[in-house]
Amino acid sequence: MISVQDLHVTFNPGTPLERRAVNGIDLTLQEGEFATVIGSNGAGKSTLLAAIAGDVAVERGRIEIGGRDVTRQAPARRAARVARVFQDPLAGSCAALSIEENLALAAMRGARRGLASALNAGRRALLRERVAELGLNLEDRMGDRMGLLSGGQRQALALVMATLAGAEVLLLDEHTAALDPGMAEFVVELTQRLVKAHGLTTLMVTHSMRQALDLGTRTVMLHEGRIVLDITGERRSSMDVDDLVAMFRKVRGGEELDDDSLRIG
Ligand SMILES: Nc1ncnc2c1ncn2[C@@H]1O[C@H](COP(=O)(O)OP(=O)(O)OP(=O)(O)O)[C@@H](O)[C@H]1O
C-alpha cells in the first residue's frame with residue numbers, strides 16, 4: 001500500500017533555478033493495486049516516483065508505505081520494500097558484474113551481509129530457476145557480464161531483480177520506452193505476471209495512451225505537479241485511447257502537443 005498526502009517537492013528552492021515539480025499530490029494505492037501514470041513532459045511523474053523511493057527530498061507532505069511513515073527515511077533503508085525500474089536499461093544493473101552477481105545483490109537489498117553469503121549453492125540454484133522462468137535462455141549465461149545483454153534482456157532481469165528482496169512497491173518509469181516493439185511487449189507481459197504473482201502495489205509511468213488504459217486498473221494524469229485526472233472502474237473501462245487523448249489535450253488547454261508525452265500506441 002502507498003499513501004501520498006499533500007506531497008510537495010521543489011528543486012533548488014530559494015534560487016533563480018527554483019522549480020516546483022510536485023505541487024500537492026494526494027494519492028492512495030491499496031495493496032496490490034496497479035495504476036498507470038501519464039502527463040506532459042515536466043508534469044512531475046518521475047519526481048513523484050523518486051519521492052516515493054526516497055531519492056528526492058520532500059518539502060512538505062507525507063509518504064507511507066504499508067502504513068509506515070517513510071517521508072524522511074533514507075532511500076537505502078526503504079530499498080528492500082520499494083523497487084524501481086528506469087527507462088534506461090543501463091540504469092538498473094551493473095554492467096561489469098555477472099547476471100548472477102547482479103541478481104544476488106538485488107536479493108540482499110536492505111540486508112547487511114556480504115555478496116559471498118548471498119551466493120551459496122542454494123541461492124545460486126534459486127536465482128537460476130527465476131531466470132529460467134523468463135524463457136529467454138539466459139539461465140546458461142549466469143556468469144556473463146550484464147553489459148553483454150540487450151536492453152530488453154536487462155529490463156526483464158531488472159524486473160526479476162525487483163521481486164527478489166520481497167518488495168511491496170514497484171515503481172516503473174517508462175521501463176519499456178527504449179525497447180523495440182517485440183521486446184516491449186514481452187516486458188509488459190512479464191510486468192503484469194510479476195505484479196500479480198507478488199501482489200505488488202505498482203505505479204507505472206508511460207507515454208503510451210494504449211498502455212495507460214490497458215495495464216492495471218487505474219489511470220492517473222499529472223499536470224504541473226498535480227493530479228488532474230484519476231479514473232478507475234467502469235469510467236476507465238468504457239474509455240478508449242481517443243477519449244484519453246481528448247482529455248490530455250483539454251488539460252493542456254488545447255495547445256499543440258509538440259513533445260513526446262503522448263503516444264497513441
Ligand atoms: N534534479 C532536478 N533538478 C532541478 N529540476 C528538476 C530536477 N528533476 C526534475 N526537475 C524539474 O522538475 C519538473 C518535473 O520533472 P519530472 O522529471 O518529474 O517530470 P516528468 O513528468 O517525469 O517529465 P518527463 O515526461 O519529461 O520525464 C521539470 O520541470 C524538471 O525540469
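Definitions and cut-offs
- Residues numbered from 1 in each chain as written.
- Predicted model: local features only at pLDDT ≥ 70, side-chain atom pairs only at ≥ 80, totals over all residues.
- Pairing = 2+ DSSP bridges.
- Helix = DSSP H or I, 4+ residues; strand = E, 2+ residues; numbered from the N terminus.
- Axes fitted to C-alpha atoms, helices over the stretch in contact; angles between N-to-C directions.
- Contact = placed C-beta atoms within 7 Å.
- Left-handed = near helix turned anticlockwise from the far one by under 90°.
- Nonpolar A, V, L, I, M, F, W, Y, C, P; charged D, E, K, R; others polar.
- Parallel < 35°, antiparallel > 145°, perpendicular 65-115°, else oblique.
- Core = buried A, V, L, I, M, F, W, Y, C linked by C-beta atoms within 7 Å.
- Buried ≥ 20, exposed ≤ 12 C-beta atoms within 10 Å, placed from the backbone.
- Domains from an automatic or database assignment.
- Near = placed C-beta within 6 Å.

1. Observations regarding the sheet that holds strand S7 (residues 169–173)
And then number 1: Sheet architecture is open: six strands sit in the order S6-S7-S8-S3-S9-S10, paired in mixed fashion. Single-partner strands in this sheet number two, and they are strand S6 (82–85) and strand S10 (226–232). Strand-to-strand twist in this sheet, taken as the mean axis angle between neighbours without regard to direction, amounts to 20°.
And then number 2: Relative to S10, strand S9 (residues 218–223) runs antiparallel, the two being bridged by six bridges. Looking at the pairing, Arg-218 lines up with Thr-232 of S10.
And then number 3: Contacts from helix H6 (residues 151–164) reach S6 and S7, with the element oriented near 175° to S6.

2. Comments concerning the packing of helix H3 (residues 99–107) against H6
And then number 1: Two elements in contact, H3 and H6, have axes separated by 7 Å at closest approach and are oriented at 35°. The two elements H3 and H6 meet at a crossing, and its hand is right-handed. Of the residues in H6, those touching H3 at Ile-99, Asn-102, Leu-103, Ala-106 and Ala-107 are Leu-157, Val-160, Met-161 and Leu-164.
And then number 2: Taken together, the residues that form the contact of H3 with H6 break down as eight nonpolar, one polar and no charged.

3. A look at the packing of H3 against helix H5 (residues 121–132)
Packed helix pairs are characterised by how far apart their axes lie and by the angle those axes make with each other.
And then number 1: Running from N to C, H3 and H5 point in directions that differ by 105°, and their axes come no closer than 10 Å. Taken together, the axes of H3 and H5 are roughly perpendicular relative to one another. In this structure, H3 contributes Ile-99, Glu-100, Leu-103 and Ala-104 to the contact, and H5 contributes Arg-123, Arg-124, Leu-127 and Val-131.
And then number 2: Among the residues making up the contact of H3 with H5, the classes are represented as five nonpolar, no polar and three charged.

4. Description of the environment of Cys-94
And then number 1: Within the secondary structure, Cys-94 sits in the loop between S6 and H3.
And then number 2: With 27 residues separating them along the chain, Cys-94 and Ala-121 place their C-alpha atoms 22 Å apart.
And then number 3: Sequence-distant contacts of Cys-94, that is, excluding residues within four places in its chain, are made with Asn-102 and Met-146.

5. Concerning the environment of Ser-3
And then number 1: Within the secondary structure, Ser-3 sits in strand S1 (residues 2–11).
And then number 2: It is 6.4 Å that separates the C-alpha atoms of Ser-3 and Leu-29, two residues lying 26 residues apart in sequence.
And then number 3: Leaving out residues up to four positions away in the same chain, Ser-3 has contacts with Thr-28 and Glu-64.

6. A few points about the sheet that holds strand S4 (residues 60–65)
And then number 1: An order of S2-S1-S4-S5 is seen for the four strands of this open sheet, with the pairing classed as antiparallel. In the strand order of this sheet, the two ends are held by strand S2 (19–29) and strand S5 (68–69), each with one partner.
And then number 2: The pairing of S1 with S2 spans eight bridges and is antiparallel. Bridge pairing in S2 places Val-9 opposite Val-22.
And then number 3: Here helix H1 (residues 45–53) sits on the sheet in contact with S1, S2 and S4, set at roughly 65° to S2.

7. Quick look at the nonpolar core
And then number 1: Core analysis: the biggest nonpolar cluster contains 64 residues, and Ile-52, Leu-103, Val-169, Leu-170 and Leu-171 have the highest contact counts within it.
And then number 2: Element by element, the count of residues in this core is highest for H6, at eight residues.
And then number 3: The residues that make up this core include at least three from each of domain 1 (1–81 + 166–177 + 186–265) and domain 2 (88–165).

8. A word on the site of the ligand
And then number 1: Taken together, 13 residues sit near the ligand, with Phe-11, Ala-21, Asn-41, Ser-46 and Thr-47 positioned nearest.
And then number 2: At three residues, the largest contribution of residues to the shell around the ligand is made by H1.
And then number 3: When its residues are assigned to classes, the shell around the ligand shows three nonpolar, eight polar and two charged.

9. Some thoughts on the domain arrangement of the protein
And then number 1: Along its sequence, the protein is organised into domain 1 (1–81 + 166–177 + 186–265) and domain 2 (88–165).
And then number 2: Each of domain 1 and domain 2 has a C-alpha centre, and these two points are 26 Å apart.
And then number 3: Broken down by element, the side of domain 1 that touches domain 2 gets its largest block of residues, six residues, from helix H7 (residues 181–198).

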